[in-house]
Amino acid sequence: MSSATEPDPILVCVAWPYASGPRHIGHVAGFGVPADVFARYQRLRGARVLMVSGTDEHGTPITYEADRVGISPREFADRNNAIIVEDLRQLGLSYDCFTRTTTRNHYRVVQEVFLRLYEKGYIFTRTQLGAVSPSTGRTLPDRYIEGTCPICGYPEARGDQCDNCGNQLDPVDLIEPRSRIDGERPEFRETEHFFFDLPAFADRLREWIEGQAHWRPNVRSYSLNLLPDLKPRAITRDLDWGVPVPLPGWRERPDKRIYVWFDAVIGYLSASIEWARTRGTPEAWREWWQAPGARGYYFMGKDNITFHTVLWPAILLGVGDLNLPFDVVASEFLTMEGARFSVSRGRVIEVRDFLSRYDPDALRYYLTTAGPETTDTDFTWAEFVRRNNDELVGTWGNLVHRTLVQAHQNFGAVPEPGALTERDRRLRAEVEGGFSAVGGFLDRARFKAAIGEAMRLASLVNQYLAEERPWHRIKEDRARAATTLFVAIRCVDDLKTMLTPFLPFSCQRLHEMLGYTDVIAPQPRVREVEDDGGAHLVLGNDYEARPRWAPSCIPAGRPLPRPAALYRKLDPRVVDEELDRMRARA
RNA sequence: GGCGGCGUAGCUCAGUGGUAGAGCACACGACUCAUAAUCGUGUUGUCGCUGGUUCGAUCCCAGCCGCCGCCA
């Protein structure tokens, strides 16, 4: 039920990081941090939020990487899952359930979805020619095959296209084809696959997408552009690593698995179901997936738009009875010191590496204010240090510190105010207006604008202190200084609430410095969950949804502890140190 | 080859059919409570190029140049 006082349920679906290795800050910039800011804000305004994701662990790349390391795909996925879970925990991403695609629960849900679509006639079989490695018996994806281009004679054309002449190719046509893995010549065999009948949904998708006026324009137009060319899409592969096809005669086959893209998007649903089962309320997921007022927000990088605006909605339409996405918030790409992230060239900074030297809120601040929200943006160490020192520490951290130090030293408590002046009231009104201004931006997933407004208000409070000069005034008019500091503390308290979605760690510390004893920024925990005999890691927690998105009522007289700095200023030398590290990896 | 994006002050980026903004950098001033942080004032631009639509375009359209991405 929806009403003005109780917001509708909010489902926050976050793209599933691929477990082929540790993730870098570009990955979390695109979906992790924005999604968490959004989820935390929604909880603060009292909405019931369910935020789900997990590691995406099937697919050919993982089997190859595992082979290279000499372990099984499962072991390989286990390792990376553990690393990624720890990264996300340290970043404070408040998932309700961050799981993985190798759970029994996920297999079951994927197979149910498959069967439902199959029974409705949206899935059919078709025979095609596929490349197979003779020695391993494994299928080779087109881009893992190279050979001489039949059109221009370029000797290193890939199976899907020739980098020299740009023509699209079929691997069967390559002259002297060879595997990029081990150089051997692939065999081409007939193979039968299942296809999902996407064209059957083209009209419904068009009608639906055209109605989504609130989407980011590029997401909407990009998606509409895809529709005229929709073709049936393969949803199985010749592979032994993945979800088995749940049909008689297929289920037992060791060489046929559901294609990773199909199983991964279903993870949103399976993770929601896992969350509900684990907490002993197996039907609770329906509140976010079937209630008419529930809204699903999907966060991802722009490379994933197709899956979230076309493929997944088509699956949902085919299954029926499940809500389509309300918004698909796609971010652009982050680059690193002027070029794409490149693991092989050392142009990369992994999340865990970053967090071993810098605070999570410093990274969250940077990724929100300078991240790829609407256009590609570049991460540079110089800009990271600059924004940390000038903005996070200088404007906001310093406002908190100067205010609390003065209050603590002179009064030991929130000072008792006298009558507020016109100037006092003007500042209070402006800062309190931030709840609707910042909130309005956050409701529309406009994160840069939201944090920019909060920071602008912080500057206004600094300006107010510069004018009122309580440190000077206190010598002749202690009562007036008390009022000024009282006003400033209430503003700081307001800004703390507004900044909590962005900076949960430091705002929780500030919350306590202001004498509160409860938790405003709960953090996720890692725990083991039993799953039909196996166990897997889950990142999550029970977060309260309690309305706190409202002006400060902090009472005068409340004792204040001695304040401590919220943030660390960075030595500009770290820029060169980090650049040296990067060069050393190259 | 098809599709799409981007090109705005030294730098990073906003933005709007009516001749353009923020932060940083830079200069000067104020203050000294505060992690030498803060506050104020000021300077900076043929809004990629060429045409078109319009009374008027940086914002609409076409072509071009440059950078980038996606798809096949």
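Scroll up to find the structure.
About the criteria used
- Per chain, the residues get numbers from 1 upward, laid out in the order the sequence is written.
- By the order in which they are written, chains take letters starting at A while ligands take numbers starting at 1.
- Note on the predicted model: pLDDT of at least 70 is required for a residue's local features to be given, and 80 or more for side-chain atom pairs to be given and counted; whole-chain, interface and lining totals, by contrast, use all residues.
- Excluding hydrogens and water, the side-chain values take into account all heavy atoms of the structure.
- Grid points spaced at 1 Å over the protein atoms alone were grouped into cavities, where a 1.4 Å probe fits but cannot get out, and pockets, open sets with protein on both sides within 12 Å along at least five of seven lines, with lining residues defined by an atom within 4 Å of a point.
- Grid points are joined across faces, edges and corners, and a volume is the space filled by probe spheres set on the points.
- A run of H or I in DSSP counts as a helix once it spans at least four residues, and a run of E counts as a strand once it spans at least two, with each numbered from the N terminus.
- Under the scheme applied, nonpolar residues are Ala, Val, Leu, Ile, Met, Phe, Trp, Tyr, Cys and Pro; charged residues are Asp, Glu, Lys and Arg; polar residues are all the others, including Gly.
- One axis is fitted to the seven residues ending at the residue and one to the seven starting there. The bend at that residue is the angle between these axes.

A. Quick look at empty space enclosed by the protein. As enumerated under the stated definition, the model contains four cavities of 30 Å³ or more in all. Looking at the largest cavity, its volume works out to about 130 Å³. Around the largest cavity sit 15 residues that line it, and Ala29, Pro34, Leu367, Glu373 and Phe447 are the ones nearest its centre. For the lining of the largest cavity, the secondary structure elements donating two or more residues are α1 (25-44), β13 (327-331) and α11 (360-370). When grouped by side-chain class, the residues that make up the lining of the largest cavity number nine nonpolar, four polar and two charged. For the second largest cavity, the calculated volume is near 100 Å³. Forming the boundary of the second largest cavity are Arg40, Arg43, Leu44, Thr500, Val519, Ile520, Ala521, Pro522, Glu544, Arg546 and Arg548. Grouping the amino acids of the lining of the second largest cavity by side-chain chemistry returns five nonpolar, one polar and five charged.

B. Here's a closer look at helix α7 (residues 260-278). Its axis deflected by about 40° at Gly267, α7 carries its strongest bend there. Positive backbone phi, approximately 80°, marks Gly280, located one or two places after α7.

C. Quick look at the layout of surface pockets. Here the second largest pocket defines a volume of roughly 280 Å³. Elements with a minimum of two residues in the lining of the second largest pocket: α4 (104-119) and α7. Here the element with the most residues in the lining of the second largest pocket is α4; it accounts for six residues. Split by residue class, the lining of the second largest pocket holds seven nonpolar, three polar and six charged.

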